[in-house]
Amino acid sequence: MSALGPDHFPVVLLQQCAEELSEPLYIIWRYSLDSGDIAPFLKKAIICPIQKANTQRCHPKSYRPVSLTSHIIKVFERIMRSTIVNHLELHNLLPKNQHGFISGRSTLSQLLNQIEQMIRAWEEGKATDTIYLDFAKAFDKVDHNILCHKIKRLGISGKVGIWISKFLSGRYQQVSANGVLSSPAPVISGVTQGTVLGPILFIIMIEDLDCDLLHSVASKYADDTRVTAKMSSQEEAQCFQKELEEKIYAWGPANNMKLNGEKFEHLHVGHNLNQVKSSYTDPSGNILVEKDHIKDLGVTLSNRLTWTRHIEEVLSKARIMSSWALRTFTTRKKIQWLPSGILKSGQF
């Protein structure tokens, strides 16, 4: 994001004066790493509420918070993130089932992994039950003490570990609305949105969510987590429910994070393979309603692994956009519809 942060230091200045600013920034951040000292104004965030589409303006839930942080500290955050990721890769500590914020992995790799599990189970003559989890304000509920303990457990200690601890503590934020700033409020938990380190720290926080699973497999994209188990008997379904309760659901209270059972979803794939009809409960004991279709990272999955509904939804959106374009432009000449980049290159 190129918008000005709370320090009013423009990113374009860093880009165009990189050579001149490199030495002063090196001195600042070398001292910061050695001493563990970070200037308070560099840990400040300005929250700008952006209204969501088709929502009521007067309702607080109608707004999406966008956090603006200092571009100066982001320079050093990128160096720290690269160091942390290199350390995790070198010691094979990056979670293999985490597809978010990791180079070479994406929503596509997560979806392919999830669908492959279902297809392989189908080929074995088994059905699959998948429980889609939901965290309540996942990034905002991260306990700093627990996170720092997990960071240390992964071998990230010394000056780097101390600096990360200082980076997380002593933060505060203000809300900007109609050109007016609210009073500063301390940030006592969470990884700040808009920071470079935030995503990798969150991955470290939830990397042990699915450790020691015996009857199921978890797959994660950032905080979007789904747990899948193969089903061929009622006993396997009971083992899956027990594992959910004792390992997945128990992880939340143990890490001061809350699982929002009201938003859990259940997808059973393979109705024609066996007669196992299982129901599962959320952390509060409420039964999860089995669904025919589920939206997973923008793709609609069906309980029969068909893509009819997803294709229909994509076509519907394409028709809407095409209709909008046809209503907006009076001309039908090809040259008027081509993107400017193609026109400049002459490839038409």
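How each quantity is defined
Note that residues are indexed from 1 along each chain, following the sequence as it is written. Per-residue local features are limited, in this predicted model, to residues with pLDDT of at least 70; the limit for side-chain atom pairs, both in listing and counting, is 80 or more; totals at the level of whole chains, interfaces and linings are taken over all residues. Water and hydrogen atoms play no part in the side-chain values, which are based on all heavy atoms of the structure. Buried means the residue's accessible area, taken with a 1.4 Å probe over protein chains only, is under 20% of the maximum for its type, while exposed means over 50%, and partly exposed covers the values in between. Secondary structure elements are defined from DSSP: runs of H or I of at least 4 residues count as helices, runs of E of at least 2 residues count as strands, and each element is numbered from the N terminus. For two strands to pair, DSSP has to find at least two bridges joining them. Note on contacts: a residue pair is in contact if any heavy atoms of the two residues lie within 4.5 Å. Lines are fitted to the C-alpha atoms to define the axes, a helix being fitted only along its stretch in contact, and any angle between axes, read from their N-to-C directions, falls within 0 to 180 degrees. What counts as a ring pair is set by centres within 6.5 Å for rings of Phe, Tyr and Trp (its six-membered ring), and what kind of pair is set by the plane angle: stacked under 30 degrees, edge-to-face over 60, tilted for all other angles. Expected helix span is taken as 1.5 Å per residue step, with the number of steps being one fewer than the number of residues. By definition, a residue's bend is the angle between the axes fitted to the seven residues ending there and the seven starting there.

Draft legend 1. Inspection of the pairing of strand E12 (residues 299-302) at higher detail. Burial along E12 is two-sided: Val-299 and Leu-301 facing one way and Thr-300 and Ser-302 facing the other are all buried. From the end of strand E11 (residues 293-296) to the start of E12, which pair antiparallel, there are 2 residues, and Leu-297 there has a positive phi angle of about 50 degrees.

Draft legend 2. A look at the sheet that holds strand E9 (residues 265-269). Spatially, the 5 strands line up as an open sheet ordered E7-E8-E3-E9-E10, and their pairing is mixed. Bordering the open sheet on either side are strand E7 (217-221) and strand E10 (290-291), each of which pairs with just one other strand. Against the sheet, helix H8 (residues 234-254) engages strand E3 (127-132) and strand E8 (224-231), with an angle of about 150 degrees to E8.

Draft legend 3. Looking closely at the packing of aromatic side chains. Per the counting criterion, the structure on display carries 8 aromatic pairs. Ring geometry for Phe-135 and Trp-251: centres 6.0 Å apart, planes at 75 degrees, overall edge-to-face. With Phe-135 in the loop between E3 and helix H5 (144-153) and Trp-251 in helix H8, this residue pair connects regions lying 116 residues apart in the sequence. For the pair Phe-135 and Trp-251, a shared accessibility class is recorded, and that class is buried.

Draft legend 4. Highlighting helix H2 (residues 18-35). Counted at 1.5 Å a residue, the expected span for H2 with its 18 residues is 26 Å, and the 25 Å between its end C-alpha atoms agrees. Largest kink in H2: about 25 degrees, centred on Pro-24. The positive-phi residue at the C-terminal boundary of H2 is Gly-36, with phi of around 75 degrees.

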